[in-house]
Amino acid sequence: MTALVDTPPADTRPGERPLSLPEHEELAATRLDPRVWDFIAGGSRTESTVTANQAPLDHWWLRPRVLTGVSTADTSTTLLGDPVRLPVGIAPVAYHRLAHPDGEVATARAAGAEGALLTVSIFASRTLEEIAAAATGPLWLQLYAMRDPAVLRDLAQRAEDAGYRALVLTVDAPRIARRLRDARNDFRIPPDVRAVNLDPALMTTSHTAVAGASAVERHAAQQFAPRLDWDQLARLRARTRLPVLLKGVLTEEDTRLAFDHGAAGVVVSNHGGRQLDGAVPSLVALPAVARAAAGRGPVLVDGGIRHGADVLKALALGADAVLVGRPALWGLANGGSTGVAQVLRLLREELEEAMVLTGRADLPAVDASLLTPAAPTRPTSTPQRSWPC
Ligand SMILES: Cc1cc2nc3c(=O)[nH]c(=O)nc-3n(C[C@H](O)[C@H](O)[C@H](O)COP(=O)(O)O)c2cc1C
């Protein structure tokens, strides 16, 4: 694997060497146009789910085990049969060129160098073929059901031809929820950043500013399929030889239905808090989904994962792997390919450290016994002393 990360990102200014994902976030916030920053960081309505996604991580503590003899840990696994060096992939995120001119090509190089999965968004700003040419790790392609079914037929075929390994149908967006930051900013996708895998005629609305509205929301209202139901999955499966995962599943009922309808796996996700405001945090939903999946296919989870210990907690709660969305864009903004590789490497190193300190030599050794619920931080009443003092 190419070593992309031994030096700080080429365009890093002195003193700007993020050593954690929150530091990447802080730095990226200073580098991106404020409207682009709001588009990336924001969520729907009150953004309650954006905030809540991280809360379950504080609800669980890790239980260290001692004298285990474990001094290194193997973070490698397989996803749908493909080997990956870490159980962390990059979630589908639209328009990587908003964060760096090389866009998804830079992300693919970084994912390959770190041995990680990359899920490419239907709204990628580089072509599926360019991304595939730069990739050395597994690629999945994410799709939204579009009004014109021919669009998915074409993309599914191109993905197969270019060597993508799976399709991911995002099912939590029968419409794009209102994101107040974008509405306030009259946000539109800048003209030089394009969803180049789609017919430009389908994308005009995304680039047209309207006062008090988000162009992204207006575009979806115009171009997304007006009705989402289980037939969408059946139709996509009929058009492709690739396995199809469903992204945006948060309940055990839908997990069972997903596998009954032939899904190859599920991604437990509330879209990073960008869809249903008030939706259950993904990590709260995860254990029930994992039980309902009952080994019928991989369960991935995304939303709020910012540290290797978070990854370990998600795996202990039943995930086979996690995805990160915004952190990939922070890495891109901070140093292109090198920045993304650094984000992935941080997560792998932090995960490895947490595994060693909990005495787990590899991922099959990770289970729910790693976790204990966090006790209340303050006693609710003062304990009574029963001895004289
Ligand atoms: C700027 C941005 C664009 C996104 N674009 C897509 C997309 O095109 N398709 C999709 O299924 N999810 C999309 N998502 C949601 C991510 O796939 C993922 O669910 C979410 O970002 C995970 O949360 P995290 O950012 O806290 O890691 C997007 C998220 C962000 C922040």
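Structure: see above.
The structure presented is a predicted model; accordingly, all values stated were derived computationally and were not measured. (Residues numbered from 1 in each chain as written. Predicted model: local features only at pLDDT ≥ 70, side-chain atom pairs only at ≥ 80, totals over all residues. Heavy atoms only, no water.)

## Focus on the layout of surface pockets
Here's step 1: If you add up the space inside the largest pocket, you get close to 450 Å³.
Here's step 2: In terms of lining residues, the largest pocket is bounded by 19 residues, among which Val171, Asp172, Leu228, Gly248 and Asp254 are the most central.
Here's step 3: Looking at the lining of the largest pocket, the elements with two or more residues in it are helix H11 (230-239) and strand E8 (244-249).
Here's step 4: For the lining of the largest pocket, the residue count by class is 11 nonpolar, four polar and four charged. (1 Å grid on protein atoms, 1.4 Å probe; cavity = no way out; pocket = protein on both sides within 12 Å on 5 of 7 lines; lining within 4 Å. Points joined across faces, edges and corners; volume = space filled by probe spheres on them. Helix = DSSP H or I, 4+ residues; strand = E, 2+ residues; numbered from the N terminus. Nonpolar A, V, L, I, M, F, W, Y, C, P; charged D, E, K, R; others polar.)

## Some points on the pattern of salt bridges
Here's step 1: The full count for this structure, using the stated rule, is 13 salt bridges.
Here's step 2: Salt bridges here are not isolated pairs; linked through shared partners, they connect Asp38, Glu47 and Arg181. (Salt bridge = Lys/Arg side-chain N within 4 Å of Asp/Glu carboxyl O.)

## Comments concerning the packing of helix H12 (residues 252-260) against helix H13 (residues 282-293)
Here's step 1: Two elements in contact, H12 and H13, have axes whose closest approach is 8 Å; the angle formed by their N-to-C orientations is 30°. The chirality of how H12 crosses H13 is right-handed. Here H12 contributes Glu252, Thr255, Arg256 and Phe259 to the contact with H13, which in turn contributes Ala288, Val289, Ala292 and Ala293.
Here's step 2: Across the contact of H12 with H13, the residue classes break down as five nonpolar, one polar and two charged. (Axes fitted to C-alpha atoms, helices over the stretch in contact; angles between N-to-C directions. Left-handed = near helix turned anticlockwise from the far one by under 90°. Contact = heavy atoms within 4.5 Å.)

## Overview of helix H10 (residues 215-223)
Here's step 1: Of the positions making up H10, those classed as buried are Ala215, Val216, Glu217, His219, Ala220 and Gln223.
Here's step 2: Residues of H10 that are buried in the fold lie against helix H2 (34-41) and helix H9 (200-203).
Here's step 3: Capping the start of H10 is the job of one residue whose side-chain oxygen sits 3.2 Å from the backbone nitrogen of valine 216: serine 214. (Buried < 20%, exposed > 50% of the residue type's maximum accessible area, 1.4 Å probe, protein only. Polar contact = N/O pair within 3.5 Å; in protein donor to acceptor, adjacent residues only side chain to side chain.)

## Section: empty space enclosed by the protein
Here's step 1: In the structure shown here, the tally under the stated rule is one cavity of 30 Å³ or more.
Here's step 2: If you add up the space inside the largest cavity, you get close to 530 Å³.
Here's step 3: Taken together, 35 residues form the lining of the largest cavity, with Pro92, Val93, Ala94, His271 and Arg274 sitting closest to its centre.
Here's step 4: For the lining of the largest cavity, the elements supplying multiple residues, two or more each, are H2, H10, strand E11 (321-324) and helix H15 (326-357).

## Some remarks on the pairing of strand E9 (residues 265-268)
Here's step 1: Side chains Gly265 and Val267 project from E9 onto one buried face, and the interleaved Val266 and Val268 project onto a second face that is buried too.
Here's step 2: Where E8 and E9 come together, four bridges link them in parallel fashion. Opposite leucine 245, over in E9, you have glycine 265 as the bridge partner.
Here's step 3: Note that E9 and strand E10 (residues 299-302) share three bridges and pair parallel. Counted as the bridge partner of valine 268 is valine 301 from E10.
Here's step 4: Viewed along the sheet, the connection from E9 through H13 into E10 turns out right-handed. (Pairing = 2+ DSSP bridges. Right-handed = clockwise from strand over helix to strand, strands pointing away.)

By themselves, these observations are geometric and do not establish any function.
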